[in-house]
There are 2 protein chains.
Amino acid sequence: MLQLGEIDRADPRPPYRQIAAMLREAIESGGLEPGAKLPSEAALMEHFGVARMTARQAIQELRGEGLVIAEHGRGVFVRPMPPVRRLASDRFARAHRAAGKAAFLAEADKAGYQPGVDRIRVARAGAPKGIAERLRVEAETEVIVRERRYLANGRPVEIATSYLPVPVAGGTPVEDVDPGPGGIYARLEDAGHTLERFTEEVGARMPTPDERNALEIGPGVPVLTVVRTAFDTEGAAVEVCDTVKAAPAYLLEYDFPAR
Amino acid sequence: MLQLGEIDRADPRPPYRQIAAMLREAIESGGLEPGAKLPSEAALMEHFGVARMTARQAIQELRGEGLVIAEHGRGVFVRPMPPVRRLASDRFARAHRAAGKAAFLAEADKAGYQPGVDRIRVARAGAPKGIAERLRVEAETEVIVRERRYLANGRPVEIATSYLPVPVAGGTPVEDVDPGPGGIYARLEDAGHTLERFTEEVGARMPTPDERNALEIGPGVPVLTVVRTAFDTEGAAVEVCDTVKAAPAYLLEYDFPAR
DNA sequence: CAGTGGTCTAGACCACTGA
DNA sequence: CAGTGGTCTAGACCACTGA
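Each chain has its residues counted from 1, running along the sequence as written. Note on labels: chains are lettered from A, ligands numbered from 1, in written order. Local features in this predicted model are restricted to residues whose pLDDT is 70 or higher, and side-chain atom pairs enter the listing and the counts only when it is 80 or higher, whereas totals over whole chains, interfaces and linings include all residues.

Scanning chain A for helices and strands turns up nine helices and ten strands. Over its C-alpha trace chain A gives a radius of gyration of 23 Å, far above what one expects of a compact globule, namely 18 Å for 259 residues. With the C-alpha coordinates aligned to their principal axes, the bounding extent of chain A is approximately 70 × 40 × 35 Å. Partly exposed residues are those whose C-beta has more than 12 but fewer than 20 other C-beta atoms within 10 Å; with 20 or more the residue is buried, with 12 or fewer it is exposed, and the C-beta atoms are placed from the backbone. Counting across all 259 residues of chain A, residues that qualify as buried make up 39%. By definition, residues are in contact whenever their C-beta atoms, placed on the basis of the backbone, come within 7 Å of each other. A separation threshold of at least 6 residues defines the contact pool for chain A, and within that pool the share at least 24 residues apart is 58%. A run of DSSP states H or I qualifies as a helix once it reaches four residues; a run of E qualifies as a strand once it reaches two. Both are numbered from the N-terminal end. This radius of gyration counts C-alpha atoms alone. The globule rule is 2.2 Å times how many residues there are, raised to the power 0.38.

Laid out in structure tokens, this is it:
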């Protein structure tokens, strides 16, 4: 059973922070292993002699650090660390497309997790400003919009939205829910747009509530944002892919010359 | 004056989330500009007819997203956005070193902010495990350790620690606090280690309390972590640079071929 | 000093989980 | 059903800010 100390009135930290510190210490020392259940709010109230909101505030602190996850009706648990996906910059190599694998599936193969894709939606809509700039079209020009969510071992890890100009991919299997072997990049090459290079713009921020829901992450877990633009051999931008990834699940690798 | 709506009892979202959503909307639409003061808790209670803890919970939500900063005794303010540094993958180009500029100074020139470096410390110490692996030396091998903090317009934006093998840079100006024009990469090339390529591993997480202090960021602001390894033309790893950046201040750009 | 956010109490009703 | 966390109320005392 977990041993916790007591609140020290001489400690300058308020009680809720002291409680949070004791629980954090238990997690970091391994006294509470990943997946383990924390004492319930009722148990914390009893043990420390505090009101419920004070116990809750301590737990809120740990949620904010991403250390624990609260599950309604079940309890609060130490967050299990997700398997980290290392994304190398050769993940869009033509060899994979030729082998009939979309980038996400090729990675899963390499890293040994079970890949999944759901919430696929394909539509046409006006291009948002930032997207239009990258595609070098007027804002609000109608483009193909492909949304989807990626799962690793059944857990959502990334949401992605691709934008493609209608003259590039209109009427091709890119507009189908299942674009077929090799994914949309393979279909773009089928349509005569041989891919030459990509740029990626990487940032990080806290997720919006919608993103938190879609990625099933608690408050206190940041997201990595990656905006990728694909260029064909003519130098034309043929796709912009806007992705939001659960940060703890990713490590992005890039390789570049010293020139 | 800021116009806010009312709580909708038919809305499935609880009142505190509705209030948070209205405030978020005001911030994102520009109704509340960066630096602007949010309505006080008392004003929110009055306007929405809720208890104080409900108003506070709405504000907590926005703090967790890093959108606002609470200042005790003053109020809650929309977080002013720091100038974003776009880091292109040509930032270590030899042309800059030849021109006598270290990478950070070259960027500042381009982006038009006032660069600064402080808290420089140079020492020798045992290589931590992850660093030793990247340098391909035994763990705990003595290496040169260079720490420093970077500032943009006087505000800290990045802390960085470089590790270099003693056989590569021992006794060179790399061990001086000021390594001279072009920075340590120029000195490595002077010492015969012509740089060939870099790899960067990018991730994001919440900062530790020490990192929060060094970067002067509040809770609710994530950091980007970048571990860069420099390779010379012999294929040897000659430096590993471990950096922690305030996420809102950065956008990293990478360019890679479709192969 | 008045106004602000920080912390805390002691209660209430609710929705969700799993035996 | 008992146990859990989610939301909310109406109060209290406090420390900090700035006029």
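This next bit is on the domain arrangement of chain A. Residues and elements named next belong to chain A. Each domain's limits were defined by an automated method or a database of domain assignments. Assigned domains within chain A: domain 1 (15–78) and domain 2 (85–252). With centres defined by C-alpha atoms, the gap from domain 1 to domain 2 works out at 37 Å. Between domain 1 and domain 2, the residue contacts involve five residues of the former and four residues of the latter. Each residue receives one of three labels: charged for Asp, Glu, Lys and Arg, nonpolar for Ala, Val, Leu, Ile, Met, Phe, Trp, Tyr, Cys and Pro, and polar for the others, Gly being one of them. Here the side of domain 1 that touches domain 2 is composed, by residue class, of one nonpolar, two polar and two charged.

Moving on, we get to the sheet that holds strand β3 (residues 85–87) of chain B. Strands were regarded as paired on the criterion that DSSP finds at least two bridges between them. Across the sheet, eight strands lie side by side as β4(A)-β5(A)-β6(A)-β9(A)-β8(A)-β7(A)-β10(B)-β3(B); this open sheet has mixed pairing. The open sheet has two free edges, formed respectively by β4 (115–126) of chain A together with β3 of chain B, since each of these has just one partner strand. The sheet shows a mean angle of 15° between the axes of neighbouring strands, taken without regard to direction. Where strand β5 (residues 142–152) of chain A meets strand β6 (residues 155–165) of chain A, ten bridges bridge the pair, whose relative direction is antiparallel. Lines fitted to C-alpha atoms define the axes here, with helix axes fitted over just the stretch in contact, and angles between the N-to-C directions of these axes take values from 0 to 180 degrees.

Below, the discussion takes up helix α1 (residues 15–29) of chain B. Residue and element names in this part refer to chain B. In a helix, the anticipated span is given by 1.5 Å times the number of residues less one. The end-to-end C-alpha separation of α1 is 21 Å, in line with the 21 Å expected for 15 residues at 1.5 Å each. Turning to α1, its buried residues are Y16, I19, A20, M22, L23, R24 and I27. Looking at the buried positions of α1, the neighbouring elements they touch are α2 (41–48), α3 (52–64) and β2 (75–78). One or two residues past the end of α1 sits G30, with phi positive at roughly 95°.

The next thing to look at is the protein's contact with DNA strand D. Being near a molecule or strand means, for a residue, that its C-beta atom, positioned from the backbone, comes within 6 Å of it. If you check the shell around DNA strand D, you find 22 residues, and the closest are A:S40, B:P15, B:A51, B:M53 and B:G73. When residues of the surface near DNA strand D are traced back to their parent elements, those giving at least two are α2 (41–48), α3 (52–64) and β2 (75–78) of chain A together with α1 and α3 of chain B. In terms of residue class, the surface near DNA strand D is built from ten nonpolar, eight polar and four charged.

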